[in-house]
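Overview (structure and organization)
Each chain is listed here by its residues.
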Amino acid sequence: MAISFEHVTYTYQAGTPMANTALTDVSFDVPDHGYLAIIGHTGSGKSTLIQELNALLKPTSGTVHVDDFTITPKTTNADLKPLRQHVGMVFQFPESQLFEETIRKDIAFGPQNFGMNETDANQLADEMLTTVGLGSSFADRSPFELSGGQMRRVAIAGVLAMRPQVLVLDEPTAGLDPRGREEMMTLFDQLHREQGLTIVLVTHQMEDVAEYAEQVAVMRQGRLVKFGTPQEVFQDPDWLRANQLDVPRAARFAQALAAKGVAWDQLPLTAEQLADQLAARWPQRGSADV
Amino acid sequence: MANIIEVAHLSYRYRNGEQDVDQRPALNDVSFTVQAGEWLAIVGHNGSGKSTLAKSLDGLLPFTEGTITVGGIKLTPETVWQVREKIGMIFQNPDNQFVGATVEDDVAFGLENRQIARADMVPRVQAAIEEVGMTEFAHREPSSLSGGQKQRVALAGIVTIAPDILILDEATSMLDPQGRRDMLELVRRLRTNQHLTVISITHDIDEAANADRVLAIDDGQLVEEADPATIFAQGDRLVQLGLDLPFTSKLQAALRQRGITPPDGYLTTAEMEAWLWQSLSNT
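Chain B has the name Cobalt transporter ATP-binding subunit in an unreviewed UniProt entry, where Levilactobacillus koreensis is given as its organism. The Subcellular location (unreviewed entry) field of the UniProt record for chain B holds the comment "Cell membrane". Under the heading Sequence similarities (unreviewed entry), UniProt records this for chain B: "Belongs to the ABC transporter superfamily."

Going by an unreviewed UniProt entry, chain A carries the name Energy-coupling factor transporter ATP-binding protein EcfA2 and comes from Levilactobacillus koreensis. According to the UniProt record, the Function (unreviewed entry) comment for chain A reads "ATP-binding (A) component of a common energy-coupling factor (ECF) ABC-transporter complex." Within the UniProt record for chain A, the comment given under Subcellular location (unreviewed entry) is "Cell membrane".

Let us now look at the pattern of salt bridges. Residues and elements named next belong to chain A. Enumeration according to the criterion identifies 26 salt bridges over all chains in this entry. For R104, the salt bridge is made with D126, and the minimal N-O distance between the two is 2.9 Å. Highlighted residues: R104 in helix α3 (residues 103-113) and D126 in helix α4 (residues 118-131), separated in sequence by 22 residues. The buried category is assigned to R104, whose relative accessible area is 19%.

Across all of its chains, the model carries seven aromatic pairs over all chains by this definition. With centroids separated by 5.1 Å and ring planes inclined at 70 degrees, the aromatic side chains of F232 of chain B and Y266 of chain B adopt a geometry described as edge-to-face. Highlighted residues: F232 of chain B in helix α8 (residues 228-232) and Y266 of chain B in the loop between α10 (247-257) and α11 (269-281), separated in sequence by 34 residues. Owing to a relative accessible area of 2%, F232 of chain B belongs among the buried residues under this scheme. Looking at Y266 of chain B, the relative accessible area reads 25%, which means it is partly exposed. Every member of this aromatic cluster is reached through a ring pair, and the members are F5, F28 and F227 of chain A. In this structure, K81 of chain A is placed above the aromatic ring of F114 of chain A, and the distance from its NZ or CZ to the ring centre is 5.4 Å. For K226 of chain A, the ring lying beneath its charged end belongs to W239 of chain A, and the centroid distance is 4.2 Å.

Before going further, it helps to examine the UniProt feature "domain: ABC transporter" (unreviewed entry) in chain A. Residues annotated by UniProt as "domain: ABC transporter" (unreviewed entry) correspond here to residues 3-246 of chain A. Along residues 3-246 of chain A, the helical share is 36% and the strand share 25%, with 26 Å between the first and last C-alpha atoms.

Among the secondary structure elements, T52 of chain B is positioned in helix α1 (residues 50-57). In contact with T52 of chain B, other than residues within four places in its own chain, are Y12, Y14, A26, L27 and L61 of chain B.

Once that is clear, we can look at the domain arrangement of chain A. Residues and elements named next belong to chain A. Looking at chain A, the domain boundaries give domain 1 (3-101 + 164-245) and domain 2 (248-282). The centre of domain 1, based on its C-alpha atoms, is set 29 Å off from the matching centre of domain 2. Taken together, the 11 residues of domain 1 in the interface contact 10 residues of domain 2. Interface area, domain 1 with domain 2, both sides summed: about 850 Å², of which 56% is carbon and sulfur. Our enumeration of links across domain 1 and domain 2 arrives at zero salt bridges. Inspection of the domain 1/domain 2 interface yields two residue pairs in polar contact (both at pLDDT 80 or more). Broken down by element, the side of domain 1 that touches domain 2 gets its largest block of residues, four residues, from helix α7 (residues 206-212).

What counts and what doesn't
- Residues numbered from 1 in each chain as written.
- Chains lettered and ligands numbered in written order.
- Predicted model: local features only at pLDDT ≥ 70, side-chain atom pairs only at ≥ 80, totals over all residues.
- Heavy atoms only, no water.
- UniProt positions renumbered as here; feature names shortened; annotations may be inferred.
- Salt bridge = Lys/Arg side-chain N within 4 Å of Asp/Glu carboxyl O.
- Helix = DSSP H or I, 4+ residues; strand = E, 2+ residues; numbered from the N terminus.
- Buried < 20%, exposed > 50% of the residue type's maximum accessible area, 1.4 Å probe, protein only.
- Phe/Tyr/Trp six-rings, centres within 6.5 Å; stacked < 30°, edge-to-face > 60°.
- Lys NZ or Arg CZ within 6 Å of the ring centre and 35° of its normal.
- Contact = heavy atoms within 4.5 Å.
- Domains from an automatic or database assignment.
- Buried area = accessible area lost by both parts, 1.4 Å probe.
- Polar contact = N/O pair within 3.5 Å; in protein donor to acceptor, adjacent residues only side chain to side chain.

Right under this line is the structure:
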């Protein structure tokens, strides 16, 4: 297992009158090289959950396993350096964390902080710039001359330069235009498929969940209320809507056709899946051309 | 109907310093008009110049070439405050526009600035908060609200001033889908109740679909001006214009790949549904 939560509970300011339980008895497993999407309404515990993954928050009770690491309430900060290198976190609007004079220095900052020498770190920075689709010609420019989408790529390159095996993404496409969003999601998909990174994606974009995720966790009021494949989770759109969650466009469309009497073998989640099922039952294929 | 906004030959270049003027203009000879009561969407990819345009309309950027006329007043450094009286603006990040310690205080800020008497102010603030459905949150700290609720509070602040024009500068782009739908619904209602002209700068195809007319900006230039259905029929070019493809267009393309020929052009969801149902029943 890449990630395993065992009865994880987290209480902010535990033991004080301000105590506020943000996660309650959460358990789930993500296999090696998995792709997990976490969905849920604002305040459902998504952000708390992902901060458990590199022990920015340690469980109040229960255990988190990430590959060979184990995080318990007793884990001390002295043990965390290798874990923090292993789990790369891309927070919302990561471009706001850029600070160096040049893009190369900014990306090389993390690896140098973890003990890499400057030459190697600079070389790695140039390599990561290519990975995120900018190219090393950007290396000597100031990160603050770039567009918002480009700045975000630089910030992500800085996280990738730590060579993490698990990449945690908190709404990584918020505020980008549709083309920027698609490029960003394709990048993560490549890292997942070609380099075997385990991906944990927090998102409101159900289209992305349907397209990319292998597992989906639905959070509500700090509890894990559904866990399964996108097929399983989106199978029940009425339940999702009752939980103020969206279903993918294609599923909504398929449901409207179902209401007219089209019986689907399996609820289609993407335009491609919908077209496949329509083609399979099409009366006179291509007759409009004949 | 009368034009409430007239923009003629507007150009703008960003300055990096005294001497250093950006060679490429952020806006290049842009001209258009907006009718009173119209909902106009302005689309374009990140960096196309659409936000520069929105800021120019409110006099937030001092343009050097061209003219902007708002409600018959030509925008100049002397008239900028008169023009701003007519325009309410909501920005992308709701966190960047709060000044009050509570929702109530924040909504009252615009009226305080205008030195409205307290006796007059209190009911206007309450009415505005009620109008946006935030009454139960009136005494809350703005920071404790969700993104969608924050944008509602920002809208309430605008309602108190009763401007003629509402500009939404990617105001729904940081909201979750439900928050986005709620906000658009609210803007639709405010538009009717307050007789607003709405200009929305957006990437969101559903938001653009609300508009009477869509302007597309690319590389600082106005490249397209049409009703939403005409814009949505442009297929892959939409992506270049910073919009997503409508779901029906994606489905049309996927069906064509499988040897099924749906009607050409933009179809609404209901039209696509009807066509599919008819074709499937046609056995």
